[in-house]
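# Structural description and commentary
Okay, here's what each chain looks like letter by letter:
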Amino acid sequence: MRARLATGKRAEDVAVQHLLASGLSVVHRNWRRPEGEIDIVADDRGTCVFVEVRSRTGSDQGHPLESVTGRKRTQIIRSARLFLDQEPTRASEYRFDVVGVVFADDGTVTECVHVRDAFQTDG
């Protein structure tokens, strides 16, 4: 379990660096409430971006982006609504991005994929 948490933190670090290099600013990391959590909240020129970070080591379990299921999307949307209710933001719009990070067995990053506007709310 400890190794999994360390891999997740490393993936989030990689994602943050990628987002910063892409011109986004990071507002929150690991925003948590008992009802849910958001890996990264960023700002993209006035758009509030909720970022889910997924990672895998190797390719035995598929690509990390494949792990964002309908259930996971529902959890992220619920957490984002909670965030918007509890945190002040000047954002006029919001979107959901996903960053998938793949590590080689030796721990090096082999892939970092950023999917902007990866999914929408149903209403």
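Attention in this report is confined to the structure presented alongside it. Fair warning: this is a prediction, and the values are worked out from it, not measured in the lab. (Residues numbered from 1 in each chain as written. Predicted model: local features only at pLDDT ≥ 70, side-chain atom pairs only at ≥ 80, totals over all residues. Heavy atoms only, no water.)

## Some thoughts on the overall build of the protein chain
The line we're drawing: Segments assigned H or I by DSSP are reported as helices when at least four residues long, segments assigned E as strands when at least two residues long, and all are numbered from the N terminus. Every radius of gyration here is taken over C-alpha atoms, with the globule rule written as 2.2 Å times N^0.38, N being the number of residues. Summary of the burial criterion: residues with accessible area below 20% of their type's maximum are buried, those above 50% are exposed, and those between are partly exposed, where the area comes from a 1.4 Å probe applied to protein chains only. Computed with a 1.4 Å probe, the accessible areas rest on the Shrake-Rupley method; for each residue, only the protein chains presented here act as cover. A residue counts as positive if it is Lys or Arg and as negative if it is Asp or Glu; His and the chain ends are not included. In this description, the location of a charge corresponds to atom NZ of lysine, CZ of arginine, CG of aspartate or CD of glutamate.
The number of helices and strands found in the protein chain is two helices and five strands. In the protein chain, the succession of α and β elements from N to C terminus is α-β-β-β-α-β-β. A compact globule built from 123 residues should have a C-alpha radius of gyration of about 14 Å, and the protein chain, at 14 Å, falls within 12% of that. Taking the principal axes of its C-alpha atoms as reference, the protein chain extends roughly 40 × 30 × 25 Å. Out of the 123 residues belonging to the protein chain, those deemed buried represent 36%. For the protein chain, the accessible surface area stands at approximately 7,400 Å², while carbon and sulfur atoms represent 46% of it. When the 18 basic and 19 acidic side-chain charges of the protein chain are each reduced to a single mean position, those positions are 4 Å apart.

## Observations concerning the pattern of salt bridges
Counted only if it meets this: Throughout this description, the term salt bridge denotes a Lys or Arg side-chain nitrogen within 4 Å of a carboxyl oxygen of Asp or Glu.
In this structure the tally under the stated criterion is 11 salt bridges. Across the pair Asp13 and Lys9 runs a salt bridge whose closest N-O atoms are separated by 3.3 Å. Pair noted here: Asp13 and Lys9 are both in helix α1 (residues 2-21), with a separation of four residues, about one helical turn. A cluster of three or more residues bridged by salt bridges with shared partners is formed by Asp44, Arg45, Arg95, Asp97 and Arg116.

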